[in-house]
Amino acid sequence: MRPLSLSTATLLSLLTFVANPVSGAATTAAIASANATLTGKRTTNMLGNIAGFGPLPSTAQTGGLNANDIQGDILIGMKKKKEVFYFFQINNPASFKKKLKIFIAPFITSTAQLLSTNTQPIVALNVAFSFTGLTALNVTDDLGDPLFTQGQFSQAAVLGDPGTGNWVSAFAGNGIHGAFLMASDDLLLVDAQEIVIEGVFGSDITKLYSLQGSIRPGAEAGHEPFGFLDGISQPAVTGFGTPLPGQLVVNPGVILVGESGDPITRPTWAKDGSFLAFRQLEQLVPEFSQFLVANAPTVPGLTAAQSADLLGARMVGRWKSGAPVDLNPLFDNPAMGANPQQNNNFTYQHDGFDLSSDQTHCPFDAHTRKTHPRADLFAPNNSIIRAGIPYGPEVTAAESASHTTQTERGLAFVSYQAQIGQGFQFLQNRWANNPGFIFNKNISRPGFDPIIGANAGQARFMMGFDPNNANSNLTMMSDFIISHGGVYLFSPSISAIKTVITA
Ligand code: HEM
Ligand SMILES: *[C@@H]1O[C@H](CO)[C@@H](O)[C@H](O)[C@H]1NC(C)=O
Ligand SMILES: *[C@@H]1O[C@H](CO)[C@@H](O)[C@H](O)[C@H]1NC(C)=O
Ligand SMILES: *[C@@H]1O[C@H](CO)[C@@H](O)[C@H](O)[C@H]1NC(C)=O
Ligand SMILES: *[C@@H]1O[C@H](CO)[C@@H](O)[C@H](O)[C@H]1NC(C)=O
Ligand SMILES: *[C@@H]1O[C@H](CO)[C@@H](O)[C@H](O)[C@H]1NC(C)=O
């Protein structure tokens, strides 16, 4: 199945061999063999082929964009099977630059490379830097993004986190200088990439933290840990691929720095980079499932289990299959969920219904409506491309039975945008956490996004959870998502990595 000359067994013995019991460091020979495993040719597509997601653009459909220069994760989004986020500190900037330029930069994966199997690498490798990281590298031009400069740690309260007590210690502060993003279809291959990186840089970097993500198994592939298909609705960047029915088309400059539609003054070299907002969002899955059962609305004609599913769908805006609740108000429609021609073709507007009061189809507070209001508010400049991946183990029988999380799992959330304050942070702070949004003349405070809306750990509410009662008001005493913090990074163009970053 795996298109490599090395068998998994060989690779495994290689990986055990490199963990030198004395120094913990990989031997030169082990680094060379790990490197050799990364140079093979692919025969199968490394990106998850999930029903419900549209096709990748063909190599001819990249518009005016330089797909050879834009790092691969930015526009392709969340379709990889395995990914490791490797957060590091730079100890020796001069040596780091030299090695990055010679050994790593030639292997950074571009957008163009990912578009077809025969150009895909064994492991897709991207790199991004924090403000303190660029400063350490003497790259001090103002990138024109104040939130990038301040760092995510300073924004914990604005993001609605209940302090930073739950933050991963590496995220609490500005110590992270950068991250390598390594993605593949097999974790052993990602491990080989990590060995090469650590072998190349040695003591020039220190690993501060890493998080391993994985597509969920079997029929759950493509679904986030609560069980909902994720990654369906992404903005299309003008010229890059063919928009699907209902897909929002945005200027490239909404996602890519310095491209058309980016209103900010930037240094020339920053063009075709993008800001990466990373968040480690734990999901309390058994607690969430139990909440749905305990708080399901009473709807004529639905069983208790169907009502619980309905509540989940109304909180998310989609059924577990991905079918939009706006088009399927009472029952899931798996055929529609799996059909990219149909599963994004909705606006929340319906003939004969008043957009500013109708919640019979979809509540104003639904996660998808809060983060992309469609007919409620045309706001293409507040779009993000999501490229996250689930992390942590599947729910165990014991966790289900006790309705209690025992081992952390959730979403390694990644979004790309040209302005953090118009993208991720805007969506979280101004929309999801804001009970006054969606602004409309009939309901002044519809409530919080029940999935990601945060109120500093205090109780939240959601109006209209019952499709037959717009005044129904659901109280959520505690959160289903626990923020473990994150970082704001800049993912430069490949040419910038080869020049300004490594000068
Ligand atoms: C653990 C946390 C999260 C979970 C479980 C989650 C889950 C989902 C699901 C199931 C969808 C619907 C599928 C789709 O349209 O792709 C979705 C869509 C979306 N989410 Fe999230 N999400 C999370 C965090 C976030 C965050 C932090 C943001 C931004 C602040 C965000 C922004 C969006 C956007 C913009 C969409 C697309 C809406 C649309 O275009 O209709 N999500 N999310
Ligand atoms: C890995 O192999 C490639 C070619 O196969 C080579 O160009 C590169 O320098 C090697 N990297 C290291 C760290 O040895
Ligand atoms: C950064 O700039 C300072 C001051 O110009 C210089 O001393 C130092 O060597 C530079 N470091 C790197 C890694 O270029
Ligand atoms: C989006 O941003 C561009 C560039 O600043 C601006 O010209 C345009 O009017 C904005 N669009 C909307 C709908 O706000
Ligand atoms: C999208 O929805 C519109 C009506 O809202 C419909 O006319 C059109 O046929 C739909 N497109 C597809 C591909 O189903
Ligand atoms: C809904 O309940 C919350 C408390 O959970 C309250 O603050 C809010 O005012 C209520 N909304 C309405 C319209 O009753």
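Residues numbered from 1 in each chain as written. Chains lettered and ligands numbered in written order. Predicted model: local features only at pLDDT ≥ 70, side-chain atom pairs only at ≥ 80, totals over all residues. Heavy atoms only, no water.

Undergrad: Got a minute to help me understand unusual backbone geometry in this structure?
TA: With the exception of glycine, most residues fall at negative phi, and the peptide bonds are largely trans. Here F437 and I438 are connected by a cis peptide whose omega angle stands at 15°. Note that I438 resides in the loop between α15 (424-432) and β11 (460-463). At N138, a position not held by glycine, the phi torsion is positive, near 65°. Here N138 lies in the loop between α6 (131-136) and α7 (146-150). Judged by its relative accessible area of 65%, N138 falls in the exposed class. (Helix = DSSP H or I, 4+ residues; strand = E, 2+ residues; numbered from the N terminus. Buried < 20%, exposed > 50% of the residue type's maximum accessible area, 1.4 Å probe, protein only.)

Undergrad: Would you mind showing me how to read the coordination of the iron atom of ligand 1 here?
TA: For a metal with four tetrahedral donors the ideal donor-metal-donor angle is 109.5 degrees, while six octahedral donors give ideal angles of 90 or 180 degrees. Inspection of the coordination sphere of the iron atom of ligand 1 shows a single protein donor, H367 (NE2), at 2.0 Å. With respect to the element layout, H367 can be found in helix α13 (residues 367-371). (Donors = N, O, S within 2.8 Å, 3.2 Å for Na, K, Ca; no water.)

Undergrad: How do you make sense of the pairing of strand β7 (residues 274-283) when you look at a structure like this?
TA: Side-chain direction in a regular strand flips from residue to residue, so the side chains alternate between the two faces of the sheet. Taking burial as the measure, the ten residues of β7 include ten buried ones, the bulk of the element. The alternating pattern of β7 places S274, L276, F278, Q280 and E282 and F275, A277, R279, L281 and Q283 on opposite faces, both of which are buried. Across nine bridges, β7 lies against strand β13 (residues 481-491) in antiparallel orientation. Following the sheet pairing, L281 is matched in β13 by S483. Pairing between β7 and strand β10 (residues 410-417): eight bridges, direction antiparallel. (Pairing = 2+ DSSP bridges.)

Undergrad: Teacher, can you tell me more about the layout of surface pockets here?
TA: Once rolled over the atoms, a probe with the size of a water molecule shows which space is left empty. If you add up the space inside the largest pocket, you get close to 950 Å³. If you go around the largest pocket, you meet 47 residues; those closest to its centre are S233, H367, T368, T371 and R386. Going through the elements one at a time, β7, α13, β10 and α15 are the ones with two or more residues in the lining of the largest pocket. In terms of residues, the lining of the largest pocket owes the most to one element, α15, which gives four residues. Here the lining of the largest pocket is built from residues that sort into 27 nonpolar, 15 polar and five charged. (1 Å grid on protein atoms, 1.4 Å probe; cavity = no way out; pocket = protein on both sides within 12 Å on 5 of 7 lines; lining within 4 Å. Points joined across faces, edges and corners; volume = space filled by probe spheres on them. Nonpolar A, V, L, I, M, F, W, Y, C, P; charged D, E, K, R; others polar.)

Undergrad: Teacher, can you tell me more about the nonpolar core here?
TA: Buried together is how nonpolar side chains tend to be arranged in soluble globular proteins. Counting residues in hydrophobic clusters, the biggest one holds 78 residues, and the most contacted among them are F180 and M315. Considering every element that reaches this core, the biggest residue donor is helix α8 (residues 187-201), with eight residues. Once you skip the residues sitting within four places of it in the chain, M315 turns out to touch F288, F291, L292, D365, A366, H367, P450, I451, M462, M476 and F480. Membership of the second largest hydrophobic core comes to 42 residues, among which are A179, L211, V254 and Y391. (Core = buried A, V, L, I, M, F, W, Y, C linked by side-chain atoms within 4.5 Å. Contact = heavy atoms within 4.5 Å.)

Undergrad: Before we go on, may I ask you to explain the site of ligand 2 in this structure?
TA: The environment of ligand 2 is made up of N35, T39, F103, F107 and V200. Within the side chain of N35, an N or O atom sits 2.3 Å from an oxygen atom of ligand 2. If ligand 2 stood free it would expose 360 Å²; the protein chains cover 55% of that surface. Each residue belonging to the shell around ligand 2 can be placed in one class, and the counts come to three nonpolar, two polar and no charged. (Near = heavy atom within 4 Å. Polar contact = N/O pair within 3.5 Å; in protein donor to acceptor, adjacent residues only side chain to side chain. Areas by Shrake-Rupley, 256 points an atom, 1.4 Å probe, with all protein chains shown as cover.)

Undergrad: How do you make sense of α15 when you look at a structure like this?
TA: A turn of α-helix holds 3.6 residues, and therefore any two residues three or four places apart point the same way. Of all nine residues in α15, seven are buried, a share of seventy percent or more. Among the residues making up α15, those that are buried are F424, Q425, F426, L427, Q428, W431 and A432. Buried-residue contacts for α15 involve α7, β7, α13, β10 and β13.

Undergrad: Looking at this model, I keep getting lost on the packing of helix α4 (residues 93-104) against α8. Mind explaining?
TA: How two helices pack is summed up by the angle between their axes together with the distance between the axes. One way to put it is that α4 packs onto α8 with a least axis distance of 10 Å and a crossing angle of 135°. Taken as axis vectors, α4 and α8 run oblique relative to one another. Where α4 crosses over α8, the handedness of that crossing is right-handed. Touching F96, K99, L100, F103 and I104 of α4 are I197, V200 and F201, all from α8. Taken together, the residues of the contact of α4 with α8 break down into seven nonpolar, no polar and one charged. (Axes fitted to C-alpha atoms, helices over the stretch in contact; angles between N-to-C directions. Parallel < 35°, antiparallel > 145°, perpendicular 65-115°, else oblique. Left-handed = near helix turned anticlockwise from the far one by under 90°.)

Nothing here speaks to function; it is geometry throughout.
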